[in-house]
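# Analysis of the macromolecular model
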Amino acid sequence: MSERDWILLNPGPANTTRTVRQALLIPDLCHREPEFFAVMRECRVRLVRLAGGGDAFTAVLFTGSGTAAVEAAICAAVPEGRSLLVVNNGVYGDRLVRIARVHGIPVEVLAYDIVTPVAPADVAGALRARPEVSHVALVHHETTTGLLNPLAEVARVAADLGRRVVVDAVSSLFGEPLDITQDGIDFVAASANKCLQAIPGISFVLARRSAIEVLKSRPPRSVYLDLYTHWATQEQDNTPFTPAVQVVHAVRQALIELEAEGVAARLERYAENARILRSGLAALGFEILVPEGARTNVLTTFRLPPGVTYDALHDAMKRRGYIIYVGQGDIRNYAFRVANMGTLAPRDMDGVVAAFAAALEELGIPTPARG
Ligand SMILES: *Cc1c(COP(=O)(O)O)cnc(C)c1O
C-alpha cells in the first residue's frame, strides 16, 4: 500500500504520519523492563504538559479504546451512596448512562436532542434538586453530530454548587480549546487515535491529583479498569497488566510531533480544515445538521442530498480515496459525517471538496455550483 492510501474522514482512527506508524517497529520488548517504563513515563509527562495540566494533574494510561478510559473514570469517580448526573445529547452521552448503570451507579439524565447543547442552567437546576449527585458527566464534543457542549460553563456551575465533573473529551482533546485545570473538572478521558494522531489501542485519563489520591480508600468497581490501581502502579513505573507496548511507542512519537506542531497550531489547523470543508460543501448544496454556534472544529454532520443514500455517497467517495463516516442509528438515513482530524492539512480539504463535487456528478445530483 502506498503512503496514505485512504484519506480518513471518519472520527478516528485518523491519518497519521509515517514516523508515528514507524514508531511501532521496535525491537521486541518486555513490558516490565526499564526501557518500556521510561517510554510510559515519558508519555504520561508529555500528555499532562501538552494538555496544560500543570502540577495539579496526572495521566493514567489504559490499553484499550477511548471507552476504556471513559469507563475507568466514571466507575472510579462516584463514591458509594452518591449518584451521577449525565448530560445526554448523543450516542456517547448515552454510553455514559449505560456505563454508570452497569456499575450500579445511580444516574440522573439530562437529555436533549442530538443538535442541542446542554443548557448550564439546567445542570444547576438538576444539581440543586439532587443533593445526592456528586458528579456531572458530559461529552465535550458529542461525535454523534459534531455538537460542542459548553464544558467551561457546566464546570463553573458544578464547582459553584460543590460538585465535580467527569469529561469525555475523547474527540476534543487537542482538537478544541479545553482547559482541563478549570475548577470543577476532576477527570478527563481521551484516546490516542483521534486528535492526538496516534494509533488505536491506548486511551488515558487526565486526573486531578487531589481527586485520584482519595480513591485509595475506596473499593474499586472494576478490576481491569481500576483507575487508582493503574495510576498507583504507573507512578511506581510499573503496570498492573500487559500494555500495548508498541502502541505506547507510537503515542510517544505522536506526542513529540504534537509538541513540535504546537497545540494552538493544531487547533487552528483543524479549524481551518473545518472552514474549508463547510464552505466548500455549502457551495455544493449540502446543509449542516448542527446549528452555527454549537459546532466543533473537528467533525461536521451534513444532510444527505435528496435522492442520495449514505451507501451510494460513501462508495462514490471511497472510489476517490476518501472514507466518509456513517451516522449512528436513524441518522444514517438522512445524514453523514465528515471529520477533519488527523494529519489532514487545509490543502487536503480542497481535495475533499473536489471529491464531493465529483461524487455528486457521478451520482447525477445537480449542485448549485454547477447549476
Ligand atoms: C471515539 C469516542 C469515544 C470512544 O470510542 P471508542 O470506540 O472506544 O474508541 C468516546 N467518546 C467520544 C465522544 C468519542 O468520539
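Thresholds, definitions, all that
Residues numbered from 1 in each chain as written. Predicted model: local features only at pLDDT ≥ 70, side-chain atom pairs only at ≥ 80, totals over all residues. Heavy atoms only, no water. Helix = DSSP H or I, 4+ residues; strand = E, 2+ residues; numbered from the N terminus. Expected span 1.5 Å × (residues − 1). Buried < 20%, exposed > 50% of the residue type's maximum accessible area, 1.4 Å probe, protein only. Contact = heavy atoms within 4.5 Å. Salt bridge = Lys/Arg side-chain N within 4 Å of Asp/Glu carboxyl O. Axes fitted to C-alpha atoms, helices over the stretch in contact; angles between N-to-C directions. Parallel < 35°, antiparallel > 145°, perpendicular 65-115°, else oblique. Left-handed = near helix turned anticlockwise from the far one by under 90°. Nonpolar A, V, L, I, M, F, W, Y, C, P; charged D, E, K, R; others polar.

This paragraph deals with helix 9 (residues 245-261). If you check helix 9, its first and last C-alpha atoms are 25 Å apart, about what 17 residues at 1.5 Å a residue would give, namely 24 Å. Within helix 9 the residues assigned to the buried category are V245, V247, V248, H249, A250, V251, A254, L255, E257 and L258. Those residues of helix 9 that are buried are in contact with helix 1 (18-22), helix 2 (34-50), strand 10 (202-208) and helix 10 (263-283). A positive backbone phi angle near 95° is found at G262, which sits one or two residues after helix 9.

The final tally for this structure, using the stated rule, is 20 salt bridges. The salt bridge involving R44 is made with E235; its shortest N-O contact spans 2.6 Å. With R44 in helix 2 and E235 in helix 8 (residues 227-235), this pair connects stretches of sequence that are 191 residues apart. Taking the relative accessible area as the measure of exposure, E235 reaches 27% and is therefore partly exposed. In this structure, D186 and R164 form a salt bridge, with 2.8 Å as the shortest nitrogen-oxygen distance. Highlighted residues: D186 in strand 9 (residues 185-191) and R164 in strand 8 (residues 164-168), separated in sequence by 22 residues. The class of R164 is partly exposed, set by a relative accessible area of 22%. When salt bridges that share partners are traced, they join R41, R44, R209, E235 and D237 into one network.

At a minimum axis distance of 9 Å, the contact between helix 5 (residues 120-129) and helix 6 (residues 151-160) shows a crossing angle of 25°. Classified by the angle between their axes, helix 5 and helix 6 sit roughly parallel to one another. The interaxial crossing formed by helix 5 with helix 6 has right-handed handedness. On helix 6, the residues touching P120, V123, A124 and L127 of helix 5 are E153, V154, V157 and A158. Counted by class, the contact of helix 5 with helix 6 contains seven nonpolar, no polar and one charged residues.

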